[in-house]
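Architecture and fold: a report
If you want the building blocks of each chain, they are given just below.
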Amino acid sequence: DELCYLFEEASYLFKHLKITDYLEVVIEQVEQLTYKQQFLDQYLKGAERLSTSELDAVLLLAGEEVSFVIETITRQLTLQFKTQEPRLNHAEKYLLDNANLNHCKQSNNPVFNQLFDVLEEFQDLGMTKWVFRLYRKSDENMPLFRRSRCNIIPNLYHKIDFSLSIPDLLSWISSSDSISNSLMAVEAFETRYLYNENVMSNTLSISHIDGKKFCDVIKRRRWCELLPSSMDDISLSSSPVRFRSLGLTSEGAQSTNPSPYINIPCVEFCSELFSLLSQDARLRFYFKNPLNENCSLSGKCGFILKTVPSNGGLRQLELCTKKEDYCNESIHFHEDVRAEDMHVYFLQEYMMDSKYLYPLSWLDFLHSTNNSGTKDKYISNERFHRGSRFCVLYKACKESS
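Residues numbered from 1 in each chain as written. Predicted model: local features only at pLDDT ≥ 70, side-chain atom pairs only at ≥ 80, totals over all residues. Heavy atoms only, no water.

This paragraph deals with the overall build of the chain. A tally of regular secondary structure across the chain gives 15 helices and 10 strands. Buried residues in the chain amount to 51% of all 401 residues. Sequence separation of 24 or more characterises 72% of the internal contacts of the chain that already satisfy a separation of 6 or more. Looking at the chain as shown, the accessible area adds up to about 19,600 Å², and 47% of this sits on carbon and sulfur atoms. (Helix = DSSP H or I, 4+ residues; strand = E, 2+ residues; numbered from the N terminus. Buried < 20%, exposed > 50% of the residue type's maximum accessible area, 1.4 Å probe, protein only. Contact = heavy atoms within 4.5 Å. Areas by Shrake-Rupley, 256 points an atom, 1.4 Å probe, with all protein chains shown as cover.)

Here we come to the pattern of salt bridges. A full pass over the atoms with the stated rule returns 10 salt bridges. Between Asp-97 and Lys-93 there is a salt bridge, and its shortest N-O distance comes to 2.5 Å. Here Asp-97 and its partner Lys-93 are both found in helix 6 (residues 90-98), four residues apart, which amounts to about one turn of the helix. Of the residues examined, Lys-93 reaches a relative accessible area of 12% and is grouped as buried. Close ionic contact of Arg-284 with Glu-268 constitutes a salt bridge, the shortest N to O distance being 2.8 Å. Of this pair, Arg-284 sits in strand 4 (residues 282-286) while Glu-268 sits in the loop between strand 3 (261-265) and helix 13 (273-276); the two residues are 16 residues apart in sequence, bridging distant segments of the chain. Of the residues examined, Glu-268 reaches a relative accessible area of 25% and is grouped as partly exposed. Several salt bridges converge on common partners, so that one network encompasses Glu-268, Arg-282, Arg-284 and Glu-329. (Salt bridge = Lys/Arg side-chain N within 4 Å of Asp/Glu carboxyl O.)

This part covers unusual backbone geometry. The backbone phi angle of Tyr-157 is positive, close to 65°, even though this residue is not glycine. Topologically, Tyr-157 is positioned in the loop between helix 9 (128-137) and helix 10 (166-173). Since its relative accessible area comes to 8%, Tyr-157 is described here as buried. At Asn-328, a position not held by glycine, the phi torsion is positive, near 60°. Residue position: Asn-328 is located in the loop between strand 6 (316-319) and strand 7 (331-332). Residue Asn-328 is classed as exposed on the basis of its relative accessible area of 83%.

What follows concerns the side chain of Asn-181. Within the secondary structure, Asn-181 is located in the loop between helix 10 and helix 11 (182-198). Classification of Asn-181 by relative accessible area gives buried; the value is 9%.

Below, the discussion takes up helix 5 (residues 67-83). The periodicity of an α-helix, 3.6 residues per turn, causes residues three or four positions apart to be oriented the same way. Here helix 5 is 17 residues long and its end C-alpha atoms lie 24 Å apart, about the 24 Å a rise of 1.5 Å per residue gives. Restricting attention to buried positions, one finds in helix 5 the residues Ser-67, Phe-68, Val-69, Ile-70, Thr-72, Ile-73, Thr-74, Leu-77 and Gln-80. (Expected span 1.5 Å × (residues − 1).)

What follows is about the packing of helix 8 (residues 109-119) against helix 9. Close contact between helix 8 and helix 9 brings their axes to 11 Å; oriented N to C, the two are set at 165°. As summarised for this structure, helix 8 and helix 9 are arranged roughly antiparallel, according to the angle between their axes. Seen from above, helix 8 lies across helix 9 with left-handed handedness. Between helix 8 and helix 9, the contacting residues are Phe-112, Phe-116 and Leu-119 on the first element and Trp-130, Val-131, Leu-134 and Tyr-135 on the second. (Axes fitted to C-alpha atoms, helices over the stretch in contact; angles between N-to-C directions. Parallel < 35°, antiparallel > 145°, perpendicular 65-115°, else oblique. Left-handed = near helix turned anticlockwise from the far one by under 90°.)

Our focus in this paragraph is the nonpolar core. Nonpolar side chains tend toward joint burial in soluble globular proteins. With 75 residues, the main nonpolar core has Phe-243, Phe-303, Leu-305, Tyr-378 and Phe-390 as its most contacted residues. No other element matches the nine residues that helix 11 contributes to this core. Aside from chain neighbours lying at most four places away, what touches Tyr-378 is Thr-191, Leu-194, Tyr-195, Asn-198, Val-199, Phe-274, Tyr-358, Leu-363, Phe-365 and Leu-366. (Core = buried A, V, L, I, M, F, W, Y, C linked by side-chain atoms within 4.5 Å.)

What follows is about the packing of aromatic side chains. Taken as a whole and judged by the stated rule, the model has 16 aromatic pairs. Ring geometry for Phe-287 versus Phe-303: centroids 6.2 Å apart, planes at 80°, classification edge-to-face. With a gap of 16 residues between them, Phe-287 in the loop between strand 4 and strand 5 (300-308) and Phe-303 in strand 5 connect regions that are remote in the sequence. Residues Phe-287 and Phe-303 agree in their burial class; the two are buried. (Phe/Tyr/Trp six-rings, centres within 6.5 Å; stacked < 30°, edge-to-face > 60°.)

Moving on, we get to the pairing of strand 4. Burial along strand 4 is one-sided: the face carrying Leu-283 and Phe-285 is buried and the face carrying Arg-282, Arg-284 and Tyr-286 is not. Taken together, the five bridges between strand 4 and strand 5 define a ladder with antiparallel strand orientation. Looking across to strand 5, one finds that Leu-283 is bridged to Leu-305. (Pairing = 2+ DSSP bridges.)

Right, let's talk about the state of the cysteines for a bit. Throughout the structure, instances matching the rule amount to zero disulfides. Of the cysteine sulfurs around Cys-391, a residue in no disulfide, the closest is that of Cys-266, at 8.1 Å. Residue Cys-391 is classed as buried on the basis of its relative accessible area, which comes to 1%. (Disulfide = S-S within 2.5 Å.)

Turning next to the packing of helix 4 (residues 52-62) against helix 6. Two numbers describe how helix 4 lies on helix 6: the axes approach to 10 Å, and their chain directions differ by 50°. In terms of orientation, helix 4 and helix 6 fall into the oblique class. In this structure, the crossing between helix 4 and helix 6 has a hand that is right-handed. Residues Thr-52, Leu-55, Asp-56, Val-58 and Leu-59 of helix 4 form the contact with helix 6, whose participating residues are Ala-91, Tyr-94, Leu-95 and Asn-98. Class assignment for the residues of the contact of helix 4 with helix 6 results in six nonpolar, two polar and one charged. (Nonpolar A, V, L, I, M, F, W, Y, C, P; charged D, E, K, R; others polar.)

So, about the side chain of His-343. By the element assignment, His-343 lies in strand 8 (residues 342-350). Since its relative accessible area comes to 3%, His-343 is described here as buried. A polar atom in the side chain of His-343 sits 3.4 Å from the side chain of Asn-155. At 2.8 Å, the side chain of His-343 and the side chain of Glu-187 are in polar contact. Aside from chain neighbours lying at most four places away, what touches His-343 is Asn-155, Asn-181, Leu-183, Met-184, Glu-187, Ser-361, Cys-391, Val-392 and Leu-393. (Polar contact = N/O pair within 3.5 Å; in protein donor to acceptor, adjacent residues only side chain to side chain.)

These results come straight from atomic positions and should not be treated as a statement about function.
This is the structure:
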């Protein structure tokens, strides 16, 4: 019990002050014991109370003996099936998503097999896709634990070849490692259109894509998660095509599956997109993560993105995670919100409820400092309505079926 208390204290310092020294000392103490498995069993009882930082500390403690964590989760799930309606809580899912299952499979294959024997029972609960992805991930040689987190928004300023024809671009999208979801794929076509219109005076939009081929690429890349219904009526600047028409939302795909994404608009409006990305700025977002539904803290749940200097012409966007970032703010931050689950785009809103996506993922040529001529041509005709704002497409922790 005393060691559990010390680990709790060390995890608290790790979570709130990012101090790892004390945590490493406690881990060294536990490592010297012969009952690490029992310690993890005890600490993970009621694991849903733990934050992601505390769960990271658990994986840090487990180290090469990650099978101890897997065995504990498997035992708890097995017990649930015997005594009550089974439920995979957010902590168990987080640990399984971030544990090195490949190492577990190699070092303790019986425990690995027992886990998936139990998870198979959850298929009737609409978790088939998640279990399948988890099994596929077990073939990847992941790090044994996550030591740190990156707070830079990952989808900004990627590079694309605007000279590609539409068929060649579609082929590139089908294999590129730079693209992480269907929205980035759509943005690639949209940015190509805007670049050719403004810089090359050539106008071929996404409406020229063979819709069936585009959907085939989406399925092949396993970008099957549908976008939220709030994006149904968003159009593209290059054509009247809406996300509903592309079959990327629940309504468009005629699917009853809920989207794992949440669309979060910025509190402040912005009519000077490129000016904002060139100076110090803060963007506020109200957002209550499903993991924090019962939050009783004062103010609103949410997060702040700030512009930070980079080597390029435009600034990066960074998620504010430090306590001092939220002083004198009406927003408070929860550790469970992560930049890696965010995709930032710009939404132009006009009268009569007209909404247009302005893509930010493929602006490497604007981010480059030695491309001023192209930059001037690209942004010279861009004027944004005062109702425009940044938006975050956030992949919530709870998986859809």
